[in-house]
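Okay, here's what each chain looks like letter by letter:
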Amino acid sequence: MPETDPLDSVAGRLAEARHVAVLTGAGVSAESGVATFRDPDGLWAKFSPQELASMDGFLANPQRVLEWYRHRREVIDGVEPNAGHRALAELQRWIPGVTVITQNVDRLHQRAGSRTVLEVHGNLVENRCSVCGDVDAGEPRTGDGPDGLPRCRQCDGLLRPNVVWFGEDLPEDVFGAAEEAASDADVFLSIGTSAEVYPAAGLPLLARRHGAFVVEINPNVTSLSQYVHHSIRMTSGTALPAIVERLVEFRQQSRQPS
Ligand code: BV8
Ligand code: ZN
């Protein structure tokens with residue numbers, strides 16, 4: 001019996017699925033030219049997460065943190081969604097019950113046309129007041145204060161990127177919706193994430209506990225690999241278009257009169 005092509009078997013599962021949950025991480029944006037965090041050439045190889053992605057780090061040196069996020073915004077403004085992002089948007093057109101749960105803050109899923117995107121770690125585009133929580137989109141204004149830092153129009157508090165830092169709770173409504181999507185999923189795809197950061201990394205395990213068929217798409221082994229039903233050792237930019245292509249073939253075959 002020839003070994004089924006793993007891409008066929010994942011596409012076959014998706015063709016039958018009503019609810020699909022997808023968890024994406026930095027690896028999905030890698031082929032757009034956006035650095036990941038934990039790859040050898042990743043962000044954490046150059047910068048310390050504690051200093052740059054935590055409230056303590058921000059309060060200790062707001063200029064340095066704001067400069068780092070301004071640099072990352074510049075990178076994001078200069079890149080395009082890749083074939084992996086576009087394939088996920090296409091998947092949502094074929095299966096309306098697809099929920100994209102992303103740890104990424106770059107909004108490339110939305111730019112590729114994905115709807116129902118749950119940003120569990122916030123986004124790089126908006127700013128939030130570190131005191132009253134007011135969110136104002138658009139570039140942080142250069143600060144009017146003596147320290148030259150951007151400040152809130154409502155209360156003059158320091159503005160910060162509207163992302164979730166280490167030690168901060170995830171937005172309750174967004175993460176609640178992500179847990180619901182994972183629990184309801186017939187198929188759960190974990191794509192381009194090292195599955196190291198909790199509570200997001202717990203979502204594939206939650207899906208599996210609720211009976212989902214769990215697939216990992218990642219060129220490398222991760223801490224999740226031992227728990228999934230299928231590992232596809234390919235990049236998302238290659239695997240996702242191939243899976244969607246097979247799904248479309250399956251759907252068209254099933255429409256043909258037998
Ligand atoms: C919280 C900010 C409650 C936005 C980020 C001890 C044990 C367990 C947990 C903890 C612990 N101590 C502390 C914690 C909790 C902590 C945590 O999980 N720490 C880990 C590191 C141990 N979590 C938190 O603090 C969270 N909050 O728990 O609140 C609480 C409250 C008070 C006190 C304690 C707890 C908040 C987590 C959010 C942190 N914010 N980023 C930003 O600036 O971007 S995390 C950061 O990591 C990003 O959000 C990123 O998305 C996330 C996960 O990384 P990945 O996306 O997976 O990226 P990575 O580089 O790691 O991996 C890339 C993968 O892609 C690789 O596997 C690679 O092989 C693959 N790849 C590469 N190229 C491709 C590819 N795949 C496909 N195609 C390719 N082409
Ligand atoms: Zn404020």
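Predicted model, so just to flag it, every value in this text is computed and none were measured.

Within the chain one finds eleven helices and nine strands. Its C-alpha radius of gyration of 20 Å places the chain within 12% of the 18 Å reference for a compact globule of 258 residues. C-alpha atoms of the chain, sized along the principal axes, occupy 75 × 35 × 35 Å. Split into buried and exposed, the 258 residues of the chain put 50% on the buried side. For the chain, restricting intrachain contacts to residue pairs at least 6 apart in sequence, the fraction spanning at least 24 positions comes to 66%. For the chain, the exposed surface amounts to about 12,400 Å²; the carbon and sulfur share of it is 51%. Separation of charge centres in the chain, based on 24 positive and 35 negative side chains, amounts to 2 Å.

Before going further, it helps to examine the sheet that holds strand β4 (residues 122–129). Across the sheet, which stays open at both edges, the three strands sit in the order β5-β4-β6 with antiparallel pairing between neighbours. With partners counted over all chains shown, the strands left at the sheet margins are β5 (135–136) and β6 (159–163), one partner each. Pairing analysis gives four bridges linking β4 to β6, with the strands arranged antiparallel. Looking across to β6, one finds that Arg-128 is bridged to Arg-160. Taken strand by strand, helix α6 (residues 62–77) contacts β4 and β6, and its axis lies near 140° from that of β4.

What follows deals with the coordination of the zinc ion (ligand 2). Surrounding the zinc ion (ligand 2) are the protein donor atoms Cys-129 (SG), Cys-132 (SG), Cys-152 (SG) and Cys-155 (SG), at 2.3 to 2.4 Å. Given four donor atoms and angles of 100 to 120° at the metal, the environment of the zinc ion (ligand 2) is assigned as tetrahedral. What makes Cys-155 partly exposed here is its relative accessible area of 36%.

If you trace the six strands from one edge of the open sheet to the other, you get β3-β2-β1-β7-β8-β9, paired in parallel fashion. In this open sheet, the two edge strands, each paired with only one partner strand, are β3 (117–119) and β9 (230–232). Put simply, the sheet's adjacent strands are angled 20° from each other on average, direction ignored. Both strand β2 (residues 98–102) and β3 contribute to a ladder of three bridges, which runs parallel. From the neighbouring strand, Ile-101 faces β3, where its bridge partner is Leu-118. Relative to the sheet, helix α1 (residues 6–16) contacts β1 (20–24), β7 (187–191), β8 (213–217) and β9, its axis offset from that of β9 by approximately 120°. Along the sheet face, helix α7 (residues 83–94) touches β1, β2 and β7 and points at about 150° away from the line of β2.

It is worth spelling out the site of ligand 1 at this point. Taken together, 35 residues lie around ligand 1, and Phe-37, Arg-38, Gly-167, Thr-193 and Ser-194 are the ones closest in. Here Gly-27 contributes a backbone N or O atom positioned 3.5 Å from a nitrogen atom of ligand 1. Contacts to ligand 1 include Glu-168, whose backbone N or O atom sits 2.7 Å from a nitrogen atom. Expressed as a share of its isolated accessible area of 1,500 Å², the protein-covered part of ligand 1 is 75%. Of all the elements in the fold, those that place two or more residues in the shell around ligand 1 are α2 (27–30) and α6. Each residue belonging to the shell around ligand 1 can be placed in one class, and the counts come to 14 nonpolar, 14 polar and seven charged.

Look at helix α11 (residues 236–255): 28 Å from first C-alpha to last across 20 residues, which is about the 28 Å you get at 1.5 Å a residue. If you check which residues of α11 are buried, you get Ser-236, Gly-237, Ala-239, Leu-240, Ala-242, Ile-243, Val-244, Arg-246, Leu-247, Val-248 and Arg-251. Among the structural elements, α1, α2, α7, β7, β8 and β9 are those in contact with the buried residues of α11.

Looking at the secondary structure, you find Glu-216 in strand β8. A relative accessible area of 0% places Glu-216 in the buried class. A distance of 3.3 Å separates polar atoms of two side chains, one belonging to Glu-216 and the other to Arg-233. Aside from chain neighbours lying at most four places away, what touches Glu-216 is Ser-190, Thr-222, Leu-224, Ser-225, Val-228, His-230, Ser-231, Ile-232 and Arg-233.

This next bit is on the side chain of His-85. Structurally, His-85 can be placed in helix α7. His-85 gets classed as buried once you look at its relative accessible area, which sits at 0%. Setting aside chain neighbours within four positions, we find His-85 in contact with Val-28, Ser-29, Ser-32, Leu-108, His-109 and Ala-112.

β7 sits mainly inside the fold: five of its five residues count as buried. Of the strand pairs in this sheet, β1 and β7 are connected by five bridges, and their pairing is parallel. Bridge assignment links Thr-24 to a residue of β7, and that residue is Ile-191. Looking at chain direction, β7 and β8 are connected through five bridges and run parallel. Within the sheet, the bridge partner assigned to Ile-191 lies in β8 and is Ile-217. Crossover β7 to β8 through helix α10 (residues 203–209) is right-handed.

Parameters at a glance
- All chains use their own residue numbering, which begins from 1 and follows the written sequence.
- For naming, the first written chain is A and the first written ligand is 1, with later ones following in the order written.
- Per-residue local features of the predicted model are confined to residues with pLDDT of at least 70, and side-chain atom pairs are confined, for both listing and counting, to 80 or more; whole-chain, interface and lining totals are unaffected and use all residues.
- For side-chain calculations, the full set of non-hydrogen atoms in the structure is used, while hydrogens and water are omitted.
- Numbering of helices and strands runs from the N terminus; a helix is a DSSP stretch of H or I covering at least four residues, while a strand is a stretch of E covering at least two.
- We take the radius of gyration over the C-alpha atoms and set the globule estimate at 2.2 Å times the residue count to the 0.38 power.
- Three labels apply to residues, based on accessible area from a 1.4 Å probe with only protein chains included: buried if under 20% of the type maximum, exposed if over 50%, partly exposed otherwise in between.
- Working rule for contacts: check all heavy atoms of both residues, and any pair within 4.5 Å makes them a contact.
- What sets the accessible areas is the Shrake-Rupley method with a 1.4 Å probe; for residues, cover comes only from the shown protein chains.
- Under this rule, positive means Lys or Arg and negative means Asp or Glu; His and the chain ends count for nothing.
- A charged residue contributes its charge at one atom only: NZ of Lys, CZ of Arg, CG of Asp or CD of Glu.
- In this analysis, strands are considered paired if DSSP registers two or more bridges between them.
- Axes, fitted as lines to C-alpha atoms, cover a helix only where it is in contact. Angles between the N-to-C directions of the axes lie from 0 to 180 degrees.
- Note on donors: an N, O or S atom is included if it sits within 2.8 Å of the metal, or within 3.2 Å for Na, K and Ca, and water is never included, so sites can look incomplete.
- Only four donors with every angle between 85 and 135 degrees are called tetrahedral; only four or six donors with opposite donors over 155 degrees apart and all others between 65 and 115 are called square planar or octahedral, in that order; all others are irregular.
- If even one non-hydrogen atom of a residue comes within 4 Å of a molecule or strand, that residue is called near it.
- N or O atoms within 3.5 Å of each other form a polar contact, as long as, within protein, one can give a hydrogen and the other can take it, and as long as residues adjacent in sequence are counted only when both atoms are side-chain atoms.
- Polar here means any residue other than Ala, Val, Leu, Ile, Met, Phe, Trp, Tyr, Cys and Pro, which are nonpolar, and Asp, Glu, Lys and Arg, which are charged; Gly is therefore polar.
- Expected helix span is given by 1.5 Å per residue-to-residue step, counting one fewer step than there are residues.
- Orient the strands so they point away from the viewer; a crossover is then right-handed if the path from the first strand over the helix to the second runs clockwise.

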